[in-house]
Every structure is written in C-alpha cells, then in structure tokens.
Amino acid sequence: MTETAPRDPARGPLVVRTAKELRAALADAGRVGLVPTMGALHGGHRSLMRLAREQADTVVVSVFVNPLQFGPDEDFDRYPRDLPGDTALCGEEGVDVVFAPETATVYPLPQMVTVDAGAMGERLEGASRPGHFTGVLTVVTKLFNLVRPDFAVFGAKDAQQIALVRRLVADLDLPVEIVGAPTLRDPDGLASSSRNAYLSDEERVSALALSRALRAGADAASGGAEAVREAARAVLEEAAKADPPLEPDYLALVDPATFADVAAGHRGETVLAVAARVGATRLIDNVSVNL
Ligand code: PAF
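Residues numbered from 1 in each chain as written. Predicted model: local features only at pLDDT ≥ 70, side-chain atom pairs only at ≥ 80, totals over all residues. Heavy atoms only, no water.

Take the side chain of Asn196 next. Note on placement: Asn196 falls in the loop between β6 (177-181) and α8 (201-219). Taking relative accessible area as the criterion, Asn196 reaches 15% and is therefore assigned buried. Beyond its immediate stretch of four places on either side in the chain, Asn196 contacts Leu190, Ala191 and Leu283. (Helix = DSSP H or I, 4+ residues; strand = E, 2+ residues; numbered from the N terminus. Buried < 20%, exposed > 50% of the residue type's maximum accessible area, 1.4 Å probe, protein only. Contact = heavy atoms within 4.5 Å.)

Turning our eyes to something else, we now look at the sheet that holds strand β3 (residues 58-63). Backbone hydrogen bonds are what pair the strands of a sheet, in a parallel or an antiparallel way. Taken together, six strands build an open sheet; the order of strands is β1-β4-β3-β2-β5-β6 and the sheet is parallel. Bordering the open sheet on either side are β1 (14-16) and β6, each of which pairs with just one other strand. On average, adjacent strands in this sheet sit at an angle of 25 degrees to one another, irrespective of strand direction. Most of the contacts of helix α2 (residues 43-55) go to strand β5 (residues 151-155), to which it runs at about 155 degrees, and overall it touches β2 (32-37), β3, β5 and β6. (Pairing = 2+ DSSP bridges. Axes fitted to C-alpha atoms, helices over the stretch in contact; angles between N-to-C directions.)

On to the packing of aromatic side chains. Within this structure, the stated rule accounts for four aromatic pairs. The interplanar angle of 45 degrees and the centroid separation of 6.1 Å between the aromatic rings of Phe64 and Tyr107 together place this pair among those described as tilted. Of this pair, Phe64 sits in the loop between β3 and α3 (83-92) while Tyr107 sits in the loop between α4 (103-106) and α5 (125-128), and the two are 43 residues apart along the sequence. Overall, Tyr107 belongs to the buried group, its relative accessible area being 11%. Between Phe70 and Tyr79, the ring centres sit 5.8 Å apart and the planes meet at 75 degrees, which makes this aromatic pair edge-to-face. Over the ring of Phe76 we find Arg81, and its NZ or CZ is 4.8 Å from the ring centre. (Phe/Tyr/Trp six-rings, centres within 6.5 Å; stacked < 30°, edge-to-face > 60°. Lys NZ or Arg CZ within 6 Å of the ring centre and 35° of its normal.)

What follows is about the sheet that holds strand β8 (residues 269-278). Strand order in the open sheet made by the three strands is β7-β8-β9, with antiparallel pairing throughout. The two strands at the open ends of the sheet, each matched to only one other strand, are β7 (246-254) and β9 (281-290). Recorded for the sheet is a direction-independent mean angle of 15 degrees between the axes of neighbouring strands. When β8 meets β9, the two strands line up antiparallel, connected through 10 bridges. Paired with Ala276 across the bridge in β9 is Leu283.

Attention now goes to the site of the ligand. In the region of the ligand, the neighbouring residues are Pro36, Thr37, Met38, Asn66, Gln69, Val139, Phe154, Asp158 and Gln161. The separation between an oxygen atom of the ligand and a polar side-chain atom of Gln161 is 2.7 Å. Surface burial for the ligand is 89%, taken as the share of its 290 Å² of free accessible area covered by protein chains. By residue class, the composition of the shell around the ligand is four nonpolar, four polar and one charged. (Near = heavy atom within 4 Å. Polar contact = N/O pair within 3.5 Å; in protein donor to acceptor, adjacent residues only side chain to side chain. Areas by Shrake-Rupley, 256 points an atom, 1.4 Å probe, with all protein chains shown as cover. Nonpolar A, V, L, I, M, F, W, Y, C, P; charged D, E, K, R; others polar.)

Shape descriptors only; they carry no functional weight alone.
Here it is as structure tokens:
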C-alpha cells in the first residue's frame, strides 16, 4: 500500500470512495484478497474476511448496495446501510481497505452493456428475481476490474451466486481465484444474513423452518432424491401453518454445476436450496447433499 510508513492497524481500514483513491491505496499491495459485500456486515461476513486475511497481504472489503441486482418491487431503498458500523467491524477483522463507492462511481453512465448469466441465471433465484444475476455478475465484473484482486471470497449461503461467479471467471477467463466460505449459522441453525435484521422475534422463530427443512432433507439422503425433496417439503408444509407463516418460494434439489433439478435416480453431489418469505422478508438457504 502506498504510504510512507506501514499502516497502523489500530487506525482502522483506509476508506476509499473513488477508483483513483483505490488505485493509490493498492499501488504496492502484494497479494490482494477481495470480499465483495453490500454492507450491513455481520458474523457471516467476518468469516469471509478471516479467510481472506489468512491468504492475502492486503484485504479489501467492498461495500456497495448494487441497484442493478434489485427488482423494482424489492428492498433496495430499505436495504440496511451503516458505513461507520461496517468500517468499525472491518477494523476488528484487520481489513486494510474499505472500498465504498457512490453509485455514480460504479455506474457513471446508465449501464448499457451487462453480463448475461445464461440459463443457470434464470433458475431458482433467477426465476423469482428476473435480472438479479445479470446485476450481480455485472457488478462483480466491475469490482474485479476496479480492485484487480488475486482472489475473491464469496459465501456458500448464496450457492447459485458463487456457482455463477465461478462460471463467469471460467467462461470469460478472468484472472481471479474464487474462494468459497462455508455458511455461518447461529446456534439455532438460522443462516447469517443481512436481511435477518428485518425479522421480528416471532418471524425469526418461523424462519428457523428453513434450516430445519434442509437438515431433514439431508438426513434422508440415503433414500435418494425424491426422499430428500419429500422430507424437506414436509417441514415447509408444517411451517406454512405457523403464526406467522413461512411462505415457501421454491424448494429444489439441483446439480451444483447447472442448478437444474436432478432426476429421481441421480447419484452424487447435489444442492438442496430453499427460498421463503416470512412477513415482508425473503430468506434463502441451502445445503450440500451427497446422494
Ligand atoms: O452477495 C452479495 O452481497 C452481493 O450479491 C455481491 C456479491 C456483493 C454483489 O453485489
């Protein structure tokens, strides 16, 4: 990093807002690890930062709520934003640089050229949130070009996202290594998510059915694909009768390379993925299931 003396970690991370400031901060950065985020950082992000810290000379966390990946009726406006809190958390994790660009820095012009996520981007999350993965892959490509990291860390909780980012890198020959970080869960099983902040106490109890359904599905693996789907579905059906109810969006057992549904006789690695609404909050979760 370009400074006359090494940065004192006690001063916290350097917060940069523009591409020029970012380039100056990373002029002599050694091996750079990027953790792309939309802020509202929590324990799950901490685990990504720790993984990056182990392997990088310089850890960059990007904090940018990307308008391109939100649909018109989604929570872009009310998405939690807290840059001072995020910067303090990054400081606790020994992050060197927080890149928090304005929207006009990332999108100086209305975006005309975007990254098409292909068929995999139209399934599951892509079917429920049309255009979502085009927005994700476009901003991830921009972040890779702005930060130029040696590697980038993504959480396994967004299984379809990380699978698509891996294909982005492979299909477009991007010179960056993708590192996957396991999903962090609270002791009761709820996967860490910035959107958990929206949940009331009662909604949080109902939301626990997501991880219960995934566990039930994984426990039925020896019975094959149909048994896995059936066991998970039974938990969701029960949760739909709770107060407040869990309203399932999808439950799918898919091939991890394509996110297409696996056939009844399928053998090998699969992903059991679920999305559901509790009140106004939409949550996703997944687990790997070896059939
Ligand atoms: O997972 C997220 O927080 C976002 O989708 C990402 C990767 C930062 C792109 O905006």
